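Read off the chains here:
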Amino acid sequence: MLIGAELFFELLLTERVMLKDCYATLWNTKLGWIVTGAFDYAHRTTTLANVACIESSESNLDKMVQRFWDQEETANPANVNAEDQQCLDHFARTHRREEGRFVVRLPFRENLDQLGESRNMAEIRFYQLEKRLKANGNLKMQYSAFMNEYMRLGHCVKVEDFGSPGFYLPHHAILKPSSSTTKLRVVFDASSRSDTNVSLNDVLMKGPTIQDTLASIVLRARKYKFLFSADVIKMFRQIRVDDKDTCYLRVLYREDPQAKLDVFELKTVTYGTSCAPFCAMTILAKLFIQQLWSLELPWDEPLPTELEADWRRFKNQLKQINEIKIVRCVVAEDAETFEVHGFSDASKKAYGACVYLRSLRSDGTSVMHLISSKTRVSPLPTKPGSKKSRRPYTAPRAELCGALLLSRLVTNVLKAIDMKIDKVLLWCDSQIVLCWLKRTPDSLELFVGSRVREIHLLTNAYEWRYVNTNDNPADLASTPLELQYSHSSGTAQ
């Protein structure tokens, strides 16, 4: 980051540290500590530091910002690829249970032979860690306690015969003072590179994401009146690694700096390896960013008066978010049947979808709660600085994108809530889109046909119906209104 001289001195604070036997000074700033001072080139005997410069071109930044509204953003997650399937097959073939615990093999790729010598780097990193621990007695005490517990539980074992091929993992401390259980956690660095520039993570298959998304877990939780939260202590370390593979999980450690540096092998699944398991902005903010992008304003140029006023108004209204009230439990206690109703809507600037759960009682009354919603900003027809222009987003095309967004959203919602649903109804206020959905995809132009095909695939068991624009709740998701929230609980009869 480059900062103009007129701003530099405004960032400086008063705290400074003069380094002994050195021309450098540590100086605290509003952005953090910096190093400043002269360098004695005449007496230089070794290279003290390497400086890397990372260049971020405007074109890369341009592409990154454009992702906010790019059509591809709404694409479905990719299917399991060949390597992911290979990883799943490897697990199914090699895992077993011993003494009540799962035992797994590391899922190596075919390039395992590219892994080079790694002990030298692990030693350098450990000596650096030792200096840090020596300078901080409290940190050393916590680090020692963590490692001693690791050994006491049998999660790592000291080894003497370590001549076979393997890999040495550097390790360091991660501090989390806010944690109610573990204030310090030791992380093992499987991304550290060997002398062939290949790391352990480079030769391990990562595997697909098999756990539910956070959104799915929250949706499922909304079915129940009461919730209990629990944690699995040291979850990763409840799973053992086969003894054939622990040579690739070696670490160096000693508690006493005067003692010999010992070699340990980790015996359990290690956090930090790639094979271990892994919000959204409001529509107004997205539209604002899109406006800035279309104007091609330099990063340090003041906003036009109108845009600055819009931003200040948006910022002032953000406090109203605290007024939003959402019912967590969406299932009525005395309901006999359940329906899911989805709505989509669009404008030329944006499109959105929302999904409701309707609980029907035996006396004929019903209650309906919002389960989930999503919004997207429509792409601009012309990219700034580009001679190429894409076809403008007509209202029917935007409505079709809204219907596709709804199809994907309702599919994810139904999978997440995992309950018996008696009827699924999807509503759209565009007669053109409803006509498209009645036709075969091959009879439509490419843009329309490809989206109709996916909608058919996702919603062929559900019914699409027309809803009047004035009665469509998804209208709020597609129209850039000011932030105005109701104090109601979000229920409908």
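First things first, this report covers the structure right here in the doc. Only a predicted model underlies this, so the values are computations on that prediction, with no experimental measurement involved.

Rules used throughout
- Residues numbered from 1 in each chain as written.
- Predicted model: local features only at pLDDT ≥ 70, side-chain atom pairs only at ≥ 80, totals over all residues.
- Heavy atoms only, no water.
- Pairing = 2+ DSSP bridges.
- Helix = DSSP H or I, 4+ residues; strand = E, 2+ residues; numbered from the N terminus.
- Axes fitted to C-alpha atoms, helices over the stretch in contact; angles between N-to-C directions.
- Contact = heavy atoms within 4.5 Å.
- Phe/Tyr/Trp six-rings, centres within 6.5 Å; stacked < 30°, edge-to-face > 60°.
- Buried < 20%, exposed > 50% of the residue type's maximum accessible area, 1.4 Å probe, protein only.
- Parallel < 35°, antiparallel > 145°, perpendicular 65-115°, else oblique.
- Left-handed = near helix turned anticlockwise from the far one by under 90°.
- Nonpolar A, V, L, I, M, F, W, Y, C, P; charged D, E, K, R; others polar.
- Patch = residues over 30% accessible without salt bridge, like charges linked within 9 Å, V, L, I, M, F, W, Y side chains within 5 Å.
- Areas by Shrake-Rupley, 256 points an atom, 1.4 Å probe, with all protein chains shown as cover.
- Salt bridge = Lys/Arg side-chain N within 4 Å of Asp/Glu carboxyl O.
- Expected span 1.5 Å × (residues − 1).
- Arc of directions from axis to C-beta.

Here we take up the sheet that holds strand E6 (residues 156–159). Read across the sheet, 3 strands follow the order E6-E11-E10 without closing on themselves; strand pairing throughout is antiparallel. Looking at the sheet topology across the chains shown, the edges are occupied by E6 and strand E10 (250–253). Strand-to-strand twist across the sheet, computed as the mean angle between neighbouring axes with direction ignored, equals 40°. Relative to strand E11 (residues 262–266), E6 is paired through 4 bridges, and the arrangement is antiparallel. Residue pairing across strands places Cys156 opposite Leu266, the latter belonging to E11. Of the strands in this sheet, E10 and E11 touch helix H4 (residues 119–135), which is tilted by about 35° from E10.

All told, the structure shown has 6 aromatic pairs when counted by the stated rule. For the ring pair Phe146 and Tyr150, a centre distance of 5.9 Å and an interplane angle of 40° mean the geometry is tilted. With Phe146 and Tyr150 both in helix H5 (residues 137–152), this residue pair falls 4 residues apart, about one helical turn. Each member of the pair, Phe146 together with Tyr150, is buried. Relative to Trp427, the ring of Phe343 lies with its centre 6.1 Å away and its plane at 15°, an arrangement referred to as stacked.

Turning to the packing of helix H9 (residues 395–417) against helix H11 (residues 446–459), a few remarks are in order. In contact at an axis separation of 9 Å, H9 and H11 are set at 25° when each is read in the N-to-C sense. The orientation of H9 with respect to H11, classified from their angle, is roughly parallel. For the pair H9 and H11, the crossing hand works out as left-handed. Within the contact between the two elements, H9 uses Arg397, Leu400, Cys401, Ala403, Leu404, Ser407, Arg408 and Thr411 and H11 uses Phe447, Val448, Arg451, Val452, Glu454, Ile455, Leu458 and Thr459. Grouping the amino acids of the contact of H9 with H11 by side-chain chemistry returns 9 nonpolar, 3 polar and 4 charged.

In this section: the sheet that holds strand E4 (residues 96–98). Pairing in this open sheet of 3 strands is mixed, and the strands run E4-E5-E9 from one edge to the other. Each edge of the open sheet carries a strand with a single partner, namely E4 and strand E9 (240–241). Sheet analysis places E4 next to strand E5 (residues 101–104), joined by 3 bridges and oriented antiparallel. In the sheet register, Arg96 faces E5, and the bridge partner there is Val103.

Together, Leu318, Ile321, Ile324 and Ile326 give the surface a local cluster of nonpolar side chains, amounting to about 340 Å² of exposed area. Tracing the sequence through the fold places Leu318 in the loop between helix H8 (305–317) and strand E12 (335–346).

It helps to recall that an α-helix has 3.6 residues per turn; residues three or four apart then point in one direction. Compared with the 18 Å implied by 1.5 Å per residue over 13 residues, the 18 Å span of H8 between its first and last C-alpha is a close match. For H8, the complete set of buried residues consists of Leu307, Phe314 and Gln317. Down the axis of H8, the buried set is contained in an arc of 90°. They therefore lie on one face. Seen from the open side of H8, the exposed residues pointing more than 90 degrees away from its buried face are Thr305, Arg312 and Lys315.

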